[in-house]
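Structural overview for review
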Amino acid sequence: MKIVFFGSAHFAVAALEALIKSSHELVCVVTQPDKKKGRHLHVAGTDVKSTAVAAGLKTFQPEDIKSKESVNFLRKLEAELFVIVAYGQVFSQEVLDIPKIMPVNIHASLLPRYRGAAPINWAIINAEKKTGISIIYVSLKVDSGPVILQKEIKIEENDSAISLEEKLRDLGAELLMEALRMIGSRSYRLLEQDEDKVILAPKLKKEDGLIDWSGSAADIHNQIRGVLPWPGAFTCYRGKILKIFQADVLPIFPNHKPAAGEVVRADKHEIIVACGRGFLNLKELQLEAGKRMSGQNFIIGHKLKVGDILE
RNA sequence: CGCGGGGUGGAGCAGCCUGGUAGCUCGCAAGGCUCAUAACCUUGAGGUCAUGCGUUCAAAUCGCAUCCCCGCAA
């Protein structure tokens, strides 16, 4: 089938690679414009762009996908399918009507649960036991079109948003190919989403990474795993930002009734911090301007003491 | 030229402002104590102080340039 691929985030790369390997005809890869990014504002394209360029594909990077120029350009491609994966722009009905068969999207959740830009992160933050991939027919309202294919995956206790994304990325590519086969042979059904079961998963904000030590250790643990790789869970230590990458939950710690955020143990074995309920053993941290390091190493150099408060 | 922090034995840091003996905690090695130990005591090995140039009698420290790393902001 003649396909136009839309994608920008790293999540989209696996699907793009699968399409490149397949027998489908990729007529164009659409991705976000190159932007200045990073510490020194170097101009850089998306991962999708470099993958497409390496494969010798035509690319298109409009500022606005809904503009007249974009629409005209896309019409000329005469595609049968649009495959949209983490593209970053919202489509107009005019654009969605362009492909001859349909526009499809890979979404990293079990829709209608976790509609939005950060489904993987929110599934972990909300302590879900499972999530998955949905292949949907794209409708005007974001992530709300009927489902073509869906598959679930277990969220492991030690999964972070990063490891879970890797798993879902591969599963998404796999499921996409299956969905394309079904579409190609007209052997699919569209299942409307149950609007009563919708859960939203909006893009993460910086403050979603701020740790509230009065919460339970389990919740904070989920937050730490869920807000990676950005913004990362963080707290404040001596006026500097302290990022926490990894921690273990300890339900109890002997004879202690400390304030939330208080360090109750700090020796060369472990750093234990009190939460509103339960305790956390901090395993991997990074102080502003410093390197990422284990709890033990942090103690050795930073003179963190019992009684210090994180906030 | 967006703002800021950092690079010091194997690890994490102090020292820099106010130039003059390379410091701390940990790890490592050897020895001791101990029923024993991740505990304790002794001793020891291990460093181009990111790189280059400059200032100076003298530079980890002051100045200029370069490389690398990190936090913020987008």
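What counts as what
Residues numbered from 1 in each chain as written. Chains lettered and ligands numbered in written order. Predicted model: local features only at pLDDT ≥ 70, side-chain atom pairs only at ≥ 80, totals over all residues. Heavy atoms only, no water. Near = heavy atom within 4 Å. Polar contact = N/O pair within 3.5 Å; in protein donor to acceptor, adjacent residues only side chain to side chain. Helix = DSSP H or I, 4+ residues; strand = E, 2+ residues; numbered from the N terminus. Nonpolar A, V, L, I, M, F, W, Y, C, P; charged D, E, K, R; others polar. Axes fitted to C-alpha atoms, helices over the stretch in contact; angles between N-to-C directions. Parallel < 35°, antiparallel > 145°, perpendicular 65-115°, else oblique. Left-handed = near helix turned anticlockwise from the far one by under 90°. Contact = heavy atoms within 4.5 Å.

1. Observations concerning the protein's contact with RNA strand B
Close to RNA strand B lie 19 residues, the nearest being Arg 39, Lys 206, Lys 268, Ala 289 and Ile 300. In RNA strand B, the atoms that sit within 4 Å of the protein are 60% sugar and phosphate, with bases accounting for the remainder. Measuring from a phosphate oxygen of RNA strand B, one finds a side-chain N or O atom of Lys 206 at 2.3 Å. Taking Gly 301, its main chain carries an N or O atom lying 3.1 Å from a sugar or linking oxygen of RNA strand B. Every element with two or more residues in the surface near RNA strand B is listed here: strand E11 (240–250) and helix H8 (295–302). The greatest single-element share of the surface near RNA strand B, amounting to four residues, is contributed by H8. Partitioning the surface near RNA strand B into residue classes produces five nonpolar, seven polar and seven charged.

2. Thoughts on the packing of helix H1 (residues 13–21) against helix H2 (residues 47–54)
At their nearest, the axes of H1 and H2 sit 10 Å apart, and the two run at 15° to each other. Compared by their axis directions, H1 and H2 come out roughly parallel. Handedness of the crossing formed by H1 with H2: right-handed. The segment H1 lies against H2, with Val 13, Leu 16, Glu 17 and Ile 20 engaging Asp 47, Val 48, Thr 51 and Ala 52. By residue class, the composition of the contact of H1 with H2 is five nonpolar, one polar and two charged.

Interpretation note: all reported values are geometric properties and have no functional meaning in isolation.
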